[in-house]
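Okay, here's what each chain looks like letter by letter:
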Amino acid sequence: MSNVTEKKLNDFMAKVIAKNPSEIEFHQAVHEVVGSLLPYIEEHPHYSEAKILERMVEPERVILFRVPWLDDKGEVQINKGYRIEMNSAIGPYKGGLRFHPTVNLGILKFLAFEQVLKNSLTTLPMGGGKGGSDFDPKGKSDNDVMRFCQSFMSELFRHIGPNTDVPAGDIGVGGREIGFLFGQYKRLRNEFTGVLTGKGIEWGGSLIRPEATGYGATYFAEEMLKTRGQSFVGKVVVISGSGNVAQYATEKVTQLGGKVVTLSDSSGYIYDEKGIDAEKLAFIMQLKNVKRGRIAEYAAKFGAKFVEGERPWGVKCDVAMPCATQNEINEDEAKMLVANGCFVVSEGANMPSTPEAVDFYVKSKILYGPGKAANAGGVATSGLEMSQNSLRLSWTRAEVDARLHQIMVDIHQTCVKYGTQPDGFINYVNGANIGGFVKVADAMLAQGLV
Ligand code: NDP
């Protein structure tokens, strides 16, 4: 980056930080995106004349609300509720709801900002949004979760709709929560519409939606491997997390001939040298999705190692797939991965690598697929769920999987188009940011000053 561009970036960030104090993750996401867009915008000055970037970092609307609910003991509980409607230039706001005690405005704005570019990359007509609550579903009874979801939707329902804003799941929001939220929406509106995605298959959901983010991140890694004439066959894969994304990444990697040796949760990671095969994965799905237990129980059951309080990035591997949360790989861990032979990082989670870790991957010229490209399969399949809801049709599993696969191949191709450097190295960070930006920016220009 030239000195002039760097100064522009610093000036831009100084304003963003002054206007959005304490929103550290949002600053981090904007810095990464704007840093890679500025050189492109300098070559296309009509974007800067219309102040497109300045407009894109300001949400179209932020909704903040109180969520009061009664717990099982009859005690009153209060949580915060949020919905960030970031950008609707290319379609209704679309993005997940996160229920986790760490949720705050800065985290949701970073996620919403990333979502705008990600949704654009999918080629489907979806704007970007994100929402959630600091409610922690962990350890709560089903009834507690239901009462919370009903109260949350009692406010959110007036802001969303199938042509306005279509939320989905994220951390802490799976099939159970989507069910309770949808039930309450339907009751309040007296309408059965595709207002949420990730619905159960019997009531408007799409086949492959639960699998889509993990499968998609694996398809994206497969495309990256192909650029070096390689495949998953025989590759050792380290995955973090053990929730929705991690589970289906494990399934697809195994189907494609790779060996997944780790999974984790916030208590630590398990290392199974023999690999987590289909039977062991079935145990994990039961443990995590039904019993809602801890990953340490896997080690006891299958004689694997459990490393308490640690992340798995010191384990030797060819491919790493962070599928838990933001900033879960720091610079030292990135260095450890590369030193141990890892040459592919495909991000199932959103922004799991710190900026220093990302710089190190790019400097090392490994195959690094940033979350907004690699994990876009989830929202893409949500887009397919919206299409099926509008058509009142259900596509087969094979049909949805084929569409998902093709979308991931196309996103990879977009990254190659916008990210290939003169020396042939594919900078997927630039590729994803520019590829996602152009469509949104052009739509904003066409729609005037809104
Ligand atoms: P889940 O809630 O199903 O699983 C999250 C997993 O990550 C759990 O194993 C959880 O462990 C672990 N985790 C969460 N927070 C932390 C933390 N602070 N430190 C360590 N471990 C943590 O969520 P998903 O699988 O749906 O989401 C995972 C990531 O993928 C998120 O970054 C999400 O934004 C991203 N993503 C998800 C999509 C989807 O379709 N679901 C789409 C695109 C991206 P524990 O149970 O101990 O908290």
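Quick summary incoming for the structure in this document. (Residues numbered from 1 in each chain as written. Predicted model: local features only at pLDDT ≥ 70, side-chain atom pairs only at ≥ 80, totals over all residues. Heavy atoms only, no water.)

### A short note on the packing of helix H6 (residues 142-156) against helix H7 (residues 175-189)
Part 1 of the reasoning: Running from amino to carboxyl end, H6 crosses H7 at an angle of 45°, the nearest separation of the two axes being 8 Å. As summarised for this structure, H6 and H7 are arranged oblique, according to the angle between their axes. Relative to H7, the crossing made by H6 is right-handed. Contacts from Asp 142, Val 145, Met 146, Cys 149, Gln 150, Phe 152, Met 153 and Ser 154 in H6 reach Arg 176, Glu 177, Phe 180, Leu 181, Gln 184, Tyr 185 and Leu 188 in H7.
Part 2 of the reasoning: When the residues that make up the contact of H6 with H7 are grouped by side-chain class, the tally is 9 nonpolar, 3 polar and 3 charged. (Axes fitted to C-alpha atoms, helices over the stretch in contact; angles between N-to-C directions. Helix = DSSP H or I, 4+ residues; strand = E, 2+ residues; numbered from the N terminus. Parallel < 35°, antiparallel > 145°, perpendicular 65-115°, else oblique. Left-handed = near helix turned anticlockwise from the far one by under 90°. Contact = heavy atoms within 4.5 Å. Nonpolar A, V, L, I, M, F, W, Y, C, P; charged D, E, K, R; others polar.)

### Re the site of the ligand
Part 1 of the reasoning: Near the ligand you find 24 residues, and of these Asp 170, Thr 213, Ser 266, Arg 294 and Asn 350 are the closest.
Part 2 of the reasoning: Between the ligand and Arg 209 there is a distance of 3.0 Å, counted from an oxygen atom to a side-chain nitrogen or oxygen.
Part 3 of the reasoning: Between the ligand and Ser 266 there is a distance of 2.4 Å, counted from an oxygen atom to a side-chain nitrogen or oxygen.
Part 4 of the reasoning: When the free accessible area of the ligand is taken as 900 Å², the share hidden by the protein chains comes to 83%.
Part 5 of the reasoning: At the level of secondary structure, the elements contributing two or more residues to the shell around the ligand comprise helix H8 (209-226), helix H9 (244-255) and strand E7 (259-265). (Near = heavy atom within 4 Å. Polar contact = N/O pair within 3.5 Å; in protein donor to acceptor, adjacent residues only side chain to side chain. Areas by Shrake-Rupley, 256 points an atom, 1.4 Å probe, with all protein chains shown as cover.)

### Brief notes about the sheet that holds strand E9 (residues 305-308)
Backbone hydrogen bonds hold the strands of a sheet together, and the pairing may be parallel or antiparallel.
Part 1 of the reasoning: Taken together, the 7 strands give an open sheet; going across it, the order is E9-E8-E7-E6-E10-E11-E12, and neighbouring strands pair in mixed fashion. Looking along the sheet, the strands with just one partner apiece sit at the ends: E9 and strand E12 (367-369). Ignoring strand direction, the axes of neighbouring strands in this sheet form an average angle of 15°.
Part 2 of the reasoning: When strand E8 (residues 268-271) meets E9, the two strands line up antiparallel, connected through 4 bridges. By the bridge assignment for E9, Tyr 269 is matched with Val 307.
Part 3 of the reasoning: H8 contacts strand E10 (319-321), strand E11 (344-346) and E12 of the sheet and is inclined by roughly 150° relative to E11. (Pairing = 2+ DSSP bridges.)

### Observations regarding the environment of Asn 104
Part 1 of the reasoning: Among the structural elements, Asn 104 can be located in the loop between strand E3 (93-99) and helix H5 (105-121).
Part 2 of the reasoning: With 28 residues separating them in the primary sequence, Asn 104 and Gly 132 have C-alpha atoms 8.7 Å apart.
Part 3 of the reasoning: A distance of 2.9 Å separates a polar atom in the side chain of Asn 104 from the backbone nitrogen of Ile 107.

### Brief notes about the pairing of strand E2 (residues 76-87)
Part 1 of the reasoning: Looking at chain direction, strand E1 (residues 61-70) and E2 are connected through 10 bridges and run antiparallel. If you follow Leu 70 over to E2, its bridge partner there is Val 76.
Part 2 of the reasoning: Between E1 and E2, which pair antiparallel one after the other, the connecting turn spans 5 residues, and Gly 74 there sits at a positive phi close to 85°.
Part 3 of the reasoning: Where E2 meets strand E4 (residues 128-133), 6 bridges bridge the pair, whose relative direction is antiparallel. Residue Glu 85 lies in a different strand from E4, and its bridge partner there is Gly 129.

### Let's talk about the sheet that holds E3
Part 1 of the reasoning: With mixed pairing, the 5 strands of this open sheet are ordered in space as E1-E2-E4-E3-E5. The sheet is open, and its two borders are formed by E1 and strand E5 (165-168), each paired with just one other strand. Averaged over neighbouring strand pairs, the angle between their axes works out to 20° when direction is ignored.
Part 2 of the reasoning: On the sheet, H5 packs against E1, E2, E3 and E4 and is oriented at approximately 150° with respect to E4.
Part 3 of the reasoning: Lying on the sheet, H6 is in contact with E1, E2, E3, E4 and E5; it crosses E1 at an angle near 140°.

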